[in-house]
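What follows is the residue order along each chain.
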Amino acid sequence: MKKSKRTKKSNSWKIKQHRDQFFKKSKILGYRSRASFKLIELNEKFKFIKNNSKLLDLGSSPGGWSQVASKIITKGKIIALDIKSMKPIKNVNFIKRDIFEEETKRIILNFFQGKLDIVISDMAADTTGNKSLDSIRTNQLCSEAIEFSTKILKPTGVFVTKLFMGDDFVEIKDLAKKTFKVVNFFKPDSSRVESKETYLHCKILKTL
Ligand SMILES: C[S@@+](CC[C@H](N)C(=O)[O-])C[C@H]1O[C@@H](n2cnc3c(N)ncnc32)[C@H](O)[C@@H]1O
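Reading the values: the criteria
- Residues numbered from 1 in each chain as written.
- Predicted model: local features only at pLDDT ≥ 70, side-chain atom pairs only at ≥ 80, totals over all residues.
- Domains from an automatic or database assignment.
- Near = placed C-beta within 6 Å.
- Nonpolar A, V, L, I, M, F, W, Y, C, P; charged D, E, K, R; others polar.
- Helix = DSSP H or I, 4+ residues; strand = E, 2+ residues; numbered from the N terminus.
- Buried ≥ 20, exposed ≤ 12 C-beta atoms within 10 Å, placed from the backbone.
- Contact = placed C-beta atoms within 7 Å.
- Pairing = 2+ DSSP bridges.
- Axes fitted to C-alpha atoms, helices over the stretch in contact; angles between N-to-C directions.
- Parallel < 35°, antiparallel > 145°, perpendicular 65-115°, else oblique.
- Core = buried A, V, L, I, M, F, W, Y, C linked by C-beta atoms within 7 Å.

## Some points on the domain arrangement of the chain
Looking at the chain, the domain boundaries give domain 1 (1-30) and domain 2 (34-205). Computed over C-alpha atoms only, the centres of domain 1 and domain 2 are separated by 27 Å.

## So, the site of the ligand
Close to the ligand lie 23 residues; Ser33, Ala35, Gly59, Gly64 and Asp122 are nearest. When its residues are assigned to classes, the shell around the ligand shows 11 nonpolar, 7 polar and 5 charged.

## Describing the environment of Val68
Structurally, Val68 can be placed in helix 3 (residues 64-72). Val68 gets classed as buried once you count the C-beta atoms within 10 Å, which come to 23. C-alpha separation for the pair Val68 and Tyr31, spaced 37 residues apart in sequence, amounts to 8.3 Å. Ignoring any residue separated from it by four or fewer positions in sequence, one finds Val68 in contact with Ser36, Leu39 and Ile40.

## Some words on the sheet that holds strand 2 (residues 77-82)
Pairing is mixed in the open sheet, where 7 strands are placed in the order 3-2-1-4-5-7-6. The sheet is open, and its two borders are formed by strand 3 (93-96) and strand 6 (180-186), each paired with just one other strand. Averaged over all adjacent pairs, the angle separating strand axes in this sheet is 15°, with direction ignored. On top of the sheet, helix 4 (residues 103-112) reaches strand 1 (54-58), strand 2, strand 3 and strand 4 (116-121); it is set at about 165° to strand 2, its chief contact. The sheet contacts of helix 5 (residues 131-152) involve strand 1, strand 4, strand 5 (153-164) and strand 7 (197-205), and relative to strand 5 the element is tilted by about 175°.

## Observations regarding unusual backbone geometry
Note the cis peptide between Ser61 and Pro62, where omega equals 10°. Within the secondary structure, Pro62 is located in the loop between strand 1 and helix 3. Even without being glycine, Lys47 reaches a positive phi, approximately 50°. Structurally, Lys47 is set in the loop between helix 2 (35-46) and strand 1. Classification of Lys47 by C-beta neighbours within 10 Å gives exposed; the count is 9. Positive phi outside glycine occurs at Asn91, with the angle close to 70°. With respect to the helices and strands, Asn91 occurs in the loop between strand 2 and strand 3.

## Regarding the packing of helix 5 against helix 6 (residues 169-179)
Following both chains from N to C, one finds helix 5 and helix 6 inclined at 5°, their axes separated by 10 Å at the closest point. Taken together, the axis directions place helix 5 and helix 6 in an arrangement best described as roughly parallel. Counting all contacts with helix 5, which are made through Asn139, Cys142, Ser143, Ile146 and Thr150, the residues of helix 6 involved are Ile172, Leu175, Ala176 and Thr179. Within the contact of helix 5 with helix 6, the residues separate by chemical class into 5 nonpolar, 4 polar and no charged.

## What to know about the nonpolar core
With 40 residues, the main nonpolar core has Leu55, Leu56, Val119, Ile120, Ala145 and Phe159 as its most contacted residues. When residues of this core are traced back to their parent elements, those giving at least two are helix 2, strand 1, helix 3, strand 2, strand 4, helix 5, strand 5 and strand 7. Of the residues forming this core, the biggest block, 6 residues, is contributed by strand 5. Excluding residues within four positions of it along the chain, Phe159 makes contact with Val119, Ile146, Ser149, Leu153, Phe180 and Cys202.

Below, the structure is given as structure tokens:
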């Protein structure tokens, strides 16, 4: 077999092994999605979820991130939001809504009776098969989540989001830097190496 073919085969084997490893781990630990490990890693690195946090999980379905947050937040409050349904999770209040609907912000602020400590967003647009278009649509959700956070976060709040390293990456990075005093990039080990997704951890609104 030619060397390039052998390398390709061994790379795809490694990718499959990586995916299977987190899939198996999520089944054993009872997580609904492999995505849970990404939030676990993000929180291990930046230590932002506290037991009394008020947290909003954007694009929550099927619930992997909400499961992780609900284990830590025992004295705070959690809202999970998605356009798709989500099976109930203890201590998590789910609302089936679109982030772009104007009324969504009001509903969230009403529920928390004020502003929030943390907004996490793993929102992603449904895939079309066109990777560049998918990346642009998901990054639009990311920009909306940043704008949304400025209206509902406490000045010292934390914002975490997924984004793709596509053509509009710099635009989003600049928006995050314009909005928050601290902006960190982090690619968790549980995120597939071949995936262009990465995560942003931001804190302290620049209005402070
Ligand atoms: C990758 S999944 C999230 C996985 C989740 N974090 C977990 O741990 O199980 C992305 C989610 O974003 C949601 N989404 C996409 N567009 C949305 C929108 N406009 N408003 C709210 N949720 C949206 C999708 O319905 C989908 O469930």
